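Coordinate analysis (summary)
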Amino acid sequence: MKGSDADAFVSYYRQVLCHQQKINNELLENILRNNHSCAFSTDRSIPLVSAKEGDYTSINDFREKVPLTTYNDYRDYLDRTVHDAAINQVVSDRIVYFALSSGTTGKAKTIPITKKLIRKFMTLARCAPSVVWRSLPYELYPSPERRSFVLLSGQQPKSFLRSANGTPMGALSQILSVFSPLPGIRLMASNFSVIALDLVERMPDFHTNAFVQLVFALAIPDLFAYIIPFAPEFIHTVKLIETYMEEMSVCIASASFNCSSLIQQKIHDQKVIIHLNQALYETLLEYGGKAYQLKRSEYIRKACMEKVLPGLLHRLWPNLIYAATTLGGSFSIYKEQVQFYCGNHVVVTNFMVYSASEGYFGTTASIHTDEYFLSPATAFFEFIREEDVHQAQPKTLLLSEIEPGHQYELVCTTDAGLIRYRMGDIIKCTRFLTRTEDLVPLPTEPKEIPRIPLISIGYRIGNLLDVIGEKTTEQNLIDTIKRTVDDWKQQQDILVNISDFTSYAELDAFPPHYVIFLELTDDQSFEILKSTVNTTFDRNLRQCNFVYDRVRDASYLSCLKCNFVRNGTFSTFLHEKLLTDHISPIQVKPHRLLKNEQHIQYFHEHRLI
């Protein structure tokens, strides 16, 4: 579809992106007016604003008079909403769902979700795929009957937590199980993926759910896309295929889950297994029935026997066009591993929508980079300069004022009642939109491109190692890891990567020091690296954070200590320690800073010695 001027992106570009600040100002006016009678707004005397074009007086007054907020400012109001069925606390629109955050950087949050918020997400969800197809040759566009693999998440409505007035509460990724923003949306979600959502909802746990969905995906020979929101879960699904390859192949050969020991152990309701068997049989029948089943199962076995070679997903699905998962910010460490599984024939692109529990903030700008357009119609944006983020009430910039090469903390005002809310996300303004090969092809009109900033996700402010003011960020650690891996390759000729990491500050030691847990892609390199990893990592961190270098020189901190952990430790940590019945693995971000003594002990117990 490259060059076409009739798709969802072109409409969005012309009507929204080309008028960013105007639309953003109008959104702020509408949000404040809509929620003006709510308890939070009246208690804080939140003023209304006028979005008259060219006149920023009232918007500037709003930014001067209304303090920046964090979740703690809303906690009492939301507690009354959830536990006492109080209405009009932070938002006047009816709350249809409460999104429970994963609590990656602290105590879990409860965020109200309204129908208006979901419908705005649907706009972004329609726009994002058209960016992909505009960027690829027209002949790759899939025929209507082809399917993509999108890892679905859901549970039965009766399993959701409920607020005092019965509003469901859970992972944002599971909202379709209890709320349909548009007629037929559940059916659409099922048809575009490999399995019906009502079957997904009847799975007892994520592991079983992923196994079942992967069997259905493997039953289909011509998937065109493999889409999983976060890179750790992307990698986990591929490892599931490698681990259960034989069991999955037998399920496909027999068109039945009866022979799966995992399914028999985990699913006790025989009616569910009968429905799964029928759905699998019908899927396989589309491609030829019994003869196809045997041929496909043998094909899968053969493809998986070569798992040491790159491109497993391409071998399993030779017509796979692209794979999408979050690869920016703290997820950049996984990019090499994701690319290895995809090989060189599959386009690996960043996840197409920038979202969080608080809302939906942007859509992809490129299949080649991790850059996003911020969406001025879904939240009113302000930006705090990175050097000012530690101030309680720093000055902010507007969307039209940020500049390439600078990093900012994102501040949002949303339809759900969050006002000047500090997200804690550091984003980087990478450049302004231009006509260039590595960005989405733009329509022919308008010829002149407005000032549209592109952003990439940097790191979370809360993820800091800070003992004596050195403020080591998550990005510092990621950069240190990249330097360390390069040193191993160039100086020691060791071709190994770090697949995951986490950290904490050991304050009981004197002087204090950092403790870093590292998981290698290959445990066999452990013996060679263990004697030098501390000094190599410490040297590289000193180069990445000059303040850390100074406090090390002054002996306020001693040399950090790196511990290698067994392969699979981080995946097990996620599924056994972090997940609850109401938190989906699809929404859990990497825990780069350990704050829980039990979590710290877990990693010590899984060290390679």
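Refer to the structure above for everything that follows.
Cut-off values and rules
Residues numbered from 1 in each chain as written. Predicted model: local features only at pLDDT ≥ 70, side-chain atom pairs only at ≥ 80, totals over all residues. Heavy atoms only, no water. Pairing = 2+ DSSP bridges. Helix = DSSP H or I, 4+ residues; strand = E, 2+ residues; numbered from the N terminus. Contact = heavy atoms within 4.5 Å. Axes fitted to C-alpha atoms, helices over the stretch in contact; angles between N-to-C directions. Phe/Tyr/Trp six-rings, centres within 6.5 Å; stacked < 30°, edge-to-face > 60°. Buried < 20%, exposed > 50% of the residue type's maximum accessible area, 1.4 Å probe, protein only. Parallel < 35°, antiparallel > 145°, perpendicular 65-115°, else oblique. Left-handed = near helix turned anticlockwise from the far one by under 90°. Nonpolar A, V, L, I, M, F, W, Y, C, P; charged D, E, K, R; others polar.

Taken in spatial order, the eight strands line up as β9-β10-β11-β16-β15-β14-β12-β13 in an open sheet, and their pairing is antiparallel. Only two strands of the sheet have a single partner each, and these edge strands are β9 (353-356) and β13 (397-398). In the sheet, strand β10 (residues 359-364) pairs with strand β11 (residues 372-374) via three bridges, with the strands oriented antiparallel. By the bridge assignment for β11, threonine 364 is matched with tyrosine 372. The sheet strands contacting helix α4 (residues 57-65) are β12 (380-385), β13 and β14 (407-413), and the helix crosses β12 at an angle near 55°. The strands touched by helix α6 (residues 115-134) are β9 and β10; relative to β10, the strand with the most contacts, the crossing angle is about 15°.

Spatial ordering of the open sheet is given by β19-β20-β21, a layout of three strands whose pairing is mixed. Lying at the two open borders of the sheet, with one neighbouring strand each, are β19 (498-506) and β21 (561-565). Shown here is a sheet whose adjacent strand axes are inclined to one another by a mean of 20°, direction ignored. The sheet contact formed by β19 and strand β20 (residues 513-520) spans eight bridges and is antiparallel. In the strand pairing of β20, isoleucine 498 is matched with leucine 520.

The full count for this structure, using the stated rule, is 33 aromatic pairs. Measuring from ring centre to ring centre gives 6.3 Å for phenylalanine 331 and tyrosine 334, while their planes differ by 40°; the resulting arrangement is tilted. The two residues phenylalanine 331 and tyrosine 334 agree in class, both being buried. Where phenylalanine 383 meets tyrosine 408, the ring centres are 6.0 Å apart and the plane angle is 70°; that geometry is what we call edge-to-face.

Right, let's talk about the packing of helix α9 (residues 206-219) against helix α10 (residues 231-243) for a bit. Where α9 contacts α10, the axes come no closer than 10 Å and their chain directions differ by 70°. One finds that α9 runs roughly perpendicular with respect to α10. Of the two elements, α9 crosses α10, and the hand of that crossing is right-handed. On α10, the residues that touch Phe206, His207, Ala210, Phe211, Leu214 and Leu218 of α9 are Glu233, His236, Thr237, Leu240 and Ile241. In terms of residue class, the contact of α9 with α10 is made up of seven nonpolar, three polar and one charged.

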